[in-house]
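Summary of the model geometry
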Amino acid sequence: MELRQLEYFIAVCEELHFTRAAENIGISQPTLSQQIRSLEDELNIPLFDRVGKKIALTEAGKILYDQSIQIIRNLQNVKDAISELQSYQRGSLRIGTLPSDLDYRISALLVDFYHEFPKLQLTVRSSVEIVEQVLENEVDIGIGIMPYPDDRLVRIPICTEEYVLVVSENHALAHLESIALHELRHIEMVMFPKGMIGREIVDNCCREQGFTVTATMETSSITSVIHLVRANIGATVQPQPLIQSMNESTLRCIRIEDEAPTRSLGIIYRKDRFLGHAAQAFIGKVQQYFAQYTL
């Protein structure tokens, strides 16, 4: 069994189509079929069920696929570790983070990190699907809402943040220092669309009080939300540290009494992911930066 055969096998598993898989890896379809047959002959068991033009993994195929992915990942970890030994600060690091935090907080960290590791290729992807990005190996490290425990993940809590009511300096409530949670039902809001994690945190908290917020306008961009609030279109409910980081003098933050919504942020990465010196240094900088926001 050769590593190349496993790579070919993984390509077929991902496409479940020999011709498309062959095109993706740049070999002919007959050559790919021959390699898979050779693998099946060596294992003495079919890896695919072939029904007409369609194929599906057999139980043996599923086992081999899971183990092949692990083998390829372990090999990449070896390459990463050796690469770091050969060139201490070179290499690459992929980070996944929430769009709002990237725009207003993570970017400041990146400047700092660049000066320490100027030769490192750093890629930052914004997404609300941080856990999926990490599990699918699209990013090496994720920074976002702390997920539920998962045996595949390392979870490092970094801070818990309280939500506040945010209004324009010209809003009728701008003079208030605090407001009861139940009073939010009477306020016109500019919010993220339903289903987005930031909206769900607020909605879940309000439902426990028997109401939902009234969103007169919804937008998936925090920049757009703040622009609309600044124009006094409505109020919004957002994490206080995030708003403070914007340094917007025309905004007012009003503390929510009783049980204010909160969000817990954390760092996550796969347990089987090799993290070199640069990655560990980045995690340390994130922990240090967000420590100031811990309730």
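Reference entry: report on the structure contained in this document. Treat the numbers as computed from the prediction; the structure is a model and nothing was measured.

This brings us to the packing of aromatic side chains. The tally for this structure, following the rule as stated, stands at five aromatic pairs. Among the aromatic side chains, those forming a connected cluster through ring pairs are Phe9, Phe18 and Phe48.

Note: α-helices contain 3.6 residues per turn, so residues at a spacing of three or four share the same orientation. For helix H10 (residues 277–290), which comprises 14 residues, the first-to-last C-alpha distance of 20 Å matches the rise-based estimate of 20 Å (1.5 Å per residue) to within 8%. The complete set of buried residues in H10 reads Ala278, Ala279, Ala281, Phe282, Ile283, Lys285, Val286, Tyr289 and Phe290.

A few words now on the packing of helix H1 (residues 3–15) against helix H2 (residues 18–25). Running from N to C, H1 and H2 point in directions that differ by 125°, and their axes come no closer than 8 Å. On the basis of the axis angle, H1 is oblique to H2. Read as a crossing pair, H1 and H2 show a hand that is right-handed. Where H1 abuts H2, its residues Tyr8, Ala11, Val12 and Glu15 lie against Phe18, Arg20, Ala21, Asn24 and Ile25. In terms of residue class, the contact of H1 with H2 is built from six nonpolar, one polar and two charged.

Turning our attention to the environment of Glu161. Positionally, Glu161 belongs in strand S6 (residues 153–168). Judged by its relative accessible area of 0%, Glu161 is buried. Along the backbone, Glu161 and Pro239 are 78 residues apart, and their C-alpha atoms lie at a distance of 6.1 Å. Of the polar contacts made by the side chain of Glu161, one reaches the side chain of Arg105; its length is 2.8 Å.

Our focus in this paragraph is the pattern of salt bridges. Going through the model one piece at a time under the given rule, you end up with 18 salt bridges. The shortest N-O distance in the salt bridge between Arg4 and Glu2 comes to 3.1 Å. In this structure Glu2 comes out as partly exposed when scored by relative accessible area, which is 41%. Between Glu169 and Arg252 there is a salt bridge whose closest N-O contact spans 3.5 Å.

Basis of the calculations
- Residues numbered from 1 in each chain as written.
- Predicted model: local features only at pLDDT ≥ 70, side-chain atom pairs only at ≥ 80, totals over all residues.
- Heavy atoms only, no water.
- Phe/Tyr/Trp six-rings, centres within 6.5 Å; stacked < 30°, edge-to-face > 60°.
- Helix = DSSP H or I, 4+ residues; strand = E, 2+ residues; numbered from the N terminus.
- Expected span 1.5 Å × (residues − 1).
- Buried < 20%, exposed > 50% of the residue type's maximum accessible area, 1.4 Å probe, protein only.
- Axes fitted to C-alpha atoms, helices over the stretch in contact; angles between N-to-C directions.
- Parallel < 35°, antiparallel > 145°, perpendicular 65-115°, else oblique.
- Left-handed = near helix turned anticlockwise from the far one by under 90°.
- Contact = heavy atoms within 4.5 Å.
- Nonpolar A, V, L, I, M, F, W, Y, C, P; charged D, E, K, R; others polar.
- Polar contact = N/O pair within 3.5 Å; in protein donor to acceptor, adjacent residues only side chain to side chain.
- Salt bridge = Lys/Arg side-chain N within 4 Å of Asp/Glu carboxyl O.

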